[in-house]
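Survey of secondary and tertiary structure
Read off the chains here:
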Protein chains: 2
Amino acid sequence: MAQWTPTFYSFLTMTIPYPSPPTVLFCSQCGTATEQRIPPDDSRLRAVCPVCQHIHYDNPKTVVGTIPVLGDKILLCKRGIEPGYAMWTLPAGFMECGEGLAQGAARETLEEALATVEVIEPVYSLVDIPHIGQTHVFFRANLQEGDFGAGHETLEVALFALDEIPWDDIAFNSVRITLQAFLADVARGEFVTRHHVRTLDSM
Amino acid sequence: MAQWTPTFYSFLTMTIPYPSPPTVLFCSQCGTATEQRIPPDDSRLRAVCPVCQHIHYDNPKTVVGTIPVLGDKILLCKRGIEPGYAMWTLPAGFMECGEGLAQGAARETLEEALATVEVIEPVYSLVDIPHIGQTHVFFRANLQEGDFGAGHETLEVALFALDEIPWDDIAFNSVRITLQAFLADVARGEFVTRHHVRTLDSM
């Protein structure tokens, strides 16, 4: 599923300040043009319907993915779609209603890397990207020999030793800092949940 | 901010299966009545505009909150709004675009408990509730003596020793299991990130 992807939003928000498009221009319940208004007992502008009074909340989205591990190597996917076409990434995508974080991460890994992974709890890396309204959540996961391939949004998949990671060709900053943390944790022999915040300044 | 709150959804989804309301009946971009369709390269029904082709994704929402700790007590809020009116809860609410998880948790604590807390990293408790499309994320946080009170959605706030928690009057299951985990971790003297999934069967 293509949807609005991290880098696309990033490009937009480099020049257009928050709140970013797409906005709710018409009421989802009755089709009337909405107005930007601060509802009673609220402190933020929301798209409000002047006819049926429906309030449209625009909340952050969660991206879920895995670090698929096989022995001393990890699996990366070369992206077959924009943004980041032909760049390398961890298998990840938007969490869907009806699934949990780990379930979504496993589903995305199956879709993008055709791999049925065993997800390792708890959450390994959380990356908040407030200016694009997203939190990216990665789990470590165990991969099976031969049980992977390129999904329909992926050009190819490949196993990389940790000293072979193509740092210059990583598609997303959240993937980069998650991999950097992973390498540090492998080096010291202990994995801990890490929470990063990436603002426009730190990107 | 009232918005769609966990228990409200829970009541709905006890009788109405996923996907739960509200749905996008009209296109947010042009106001045309939408159709339920599986877009190309997708596998799920989405509300799609037959005129401008805009696809409306309905992704899970993140609820953020804290366990505010002062000495050997924690702060709970007695809810002043439905759902769970007059029941006790941890300060929590929907994460907003433009903020990170910890920032949102601190904001909700300020709004509901008038407390400026120091949030403790990393994330303490994650509770997926797939059938209502939500993930609830709680941080431990340090509270200051006297620096709290009832926000406008709160009837009262009170400090509770861990053997005084009003288990029979806790508003939300995610709060209950987070507090249960907290007590277990206090007892063994170590806090670890915990990830729970609550389905209709386990609720």
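Each chain carries its own residue numbering, running from 1 in the written order of its sequence. By the order in which they are written, chains take letters starting at A while ligands take numbers starting at 1. In view of the model being predicted, local features appear only for residues whose pLDDT reaches at least 70, and side-chain atom pairs are presented and counted only at 80 or more, with totals across whole chains, interfaces and linings using the full set of residues. Heavy atoms from the whole structure form the basis of all side-chain values; hydrogens and water molecules are not counted.

**A closer look at the overall build of chain A**
Think of it this way: any DSSP run of H or I at least four residues long counts as a helix, any run of E at least two long counts as a strand, and we number them from the N terminus. Scanning chain A from N- to C-terminus turns up three helices and eleven strands. Reading chain A from its N terminus to its C terminus gives the helix and strand order α-β-β-β-β-β-β-β-α-β-β-β-α-β. Only heavy atoms matter for contacts: two residues are in contact if any of them lie within 4.5 Å across the pair. When contacts within chain A are restricted to residue pairs at least 6 apart in sequence, long-range pairs at least 24 apart make up 61% of them. Accessible surface computed for chain A: about 8600 Å², of which carbon and sulfur atoms make up 55%. Areas reported as accessible are Shrake-Rupley estimates using a 1.4 Å probe. Residue values count occlusion only from the protein chains shown.

**Regarding the packing of aromatic side chains**
Residue and element names in this part refer to chain A. Classification of ring pairs rests on two measures: the distance between centres of Phe, Tyr or Trp rings, Trp counted by its six-membered ring, which must be within 6.5 Å, and the angle between planes, read as stacked under 30 degrees, edge-to-face over 60 and tilted in between. Inspection of the entire model under this criterion finds eight aromatic pairs over all chains. Residues Tyr124 and Phe182 carry aromatic rings whose centres are separated by 6.2 Å and whose planes lie at 90° to one another, so their mutual orientation is edge-to-face. Taken together, the residues Tyr124 in strand E8 (residues 118-129) and Phe182 in helix H3 (residues 173-188) connect sequence positions 58 residues apart. Accessibility assignment for this pair places Tyr124 and Phe182 in one class, buried. When the centroid spacing of 6.0 Å and the interplanar angle of 75° are considered together, the rings of Tyr124 and Phe191 count as edge-to-face. Here the residue Tyr124 occupies a position in strand E8, and Phe191 occupies one in the loop between H3 and strand E11 (194-197), the gap between them amounting to 67 residues. For every residue, the accessible area (1.4 Å probe, protein chains only) is compared with the maximum for its type, and the residue is labelled buried under 20%, exposed over 50%, or partly exposed between those bounds. By relative accessible area, which is 33% here, Phe191 ends up partly exposed.

**Focus: H3(A)**
All names here are of chain A. Relative to the 22 Å expected for 16 residues at 1.5 Å per residue, H3 spans 23 Å between its end C-alpha atoms, a close match to the ideal helical length. Within H3, the full set of buried residues consists of Ser174, Val175, Ile177, Thr178, Leu179, Ala181, Phe182 and Asp185. If you follow the buried residues of H3, they end up packed against strand E4 (61-70), strand E5 (73-79), strand E6 (88-89), E8, strand E9 (134-142) and E11. Following H3 by one or two positions, Gly189 adopts a phi angle in the positive range, close to 80°. Here, expected helix span is obtained from the residue count minus one, scaled by 1.5 Å.

**Thoughts on the relation of the copies chain B and chain A**
The pair of chain copies shares a relation made of a rotation about an axis and a shift along it. Screw-axis analysis of chain B against chain A gives a translation of 0.0 Å along the axis, an RMSD of 0.0 Å, and a rotation angle of 180°. A rotation of that kind, with that shift, is consistent with a two-fold axis. Residues of chain B ranked by C-alpha distance from the rotation axis are headed by B:Gly31, positioned 2.2 Å from it. Superposition of the copies used a least-squares fit over C-alpha atoms from residues whose pLDDT is at least 70 in both.

**Comments concerning the confidence of the model for chain A**
Close reading of the predicted structure is inappropriate where its pLDDT is low. With 89% of its residues at a pLDDT of 70 or more, chain A has an overall mean of 90. By definition, pLDDT measures how confident the predictor is in each residue, and it falls between 0 and 100. Note that residues 1-20 of chain A has pLDDT below 50 and, in this model, 47 contacts with residues that lie over four places away or in other chains.

**Examining the environment of B:Phe191**
Separated by 51 residues in the primary sequence, B:Phe191 and B:Arg140 have C-alpha atoms spaced 9.5 Å apart. Excluding residues that lie within four positions of it along the chain, B:Phe191 makes contacts with B:Tyr124, B:Arg140, B:Phe182, B:Asp185 and B:Val186.

**Topic: the pairing of strand E4 (residues 61-70) of chain B**
The side chains of a regular strand alternate, first on one face of the sheet and then on the other. All names here are of chain B. Burial runs high along E4: nine of the ten residues are buried. Bridge count for E4 against strand E7 (residues 92-94) is three bridges, and the pairing is antiparallel. Directly across from Val64, in E7, lies its bridge partner Gly93. A pair of strands is treated as paired once DSSP finds two or more bridges between them. Pairing geometry for E4 and strand E5 (residues 73-79), over two bridges, is antiparallel. Within E5, the position partnered with Val69 by the bridge is Ile74. Connecting the antiparallel pair E4 and E5 is a turn made up of two residues, with Gly71 showing a positive phi of about 60°.

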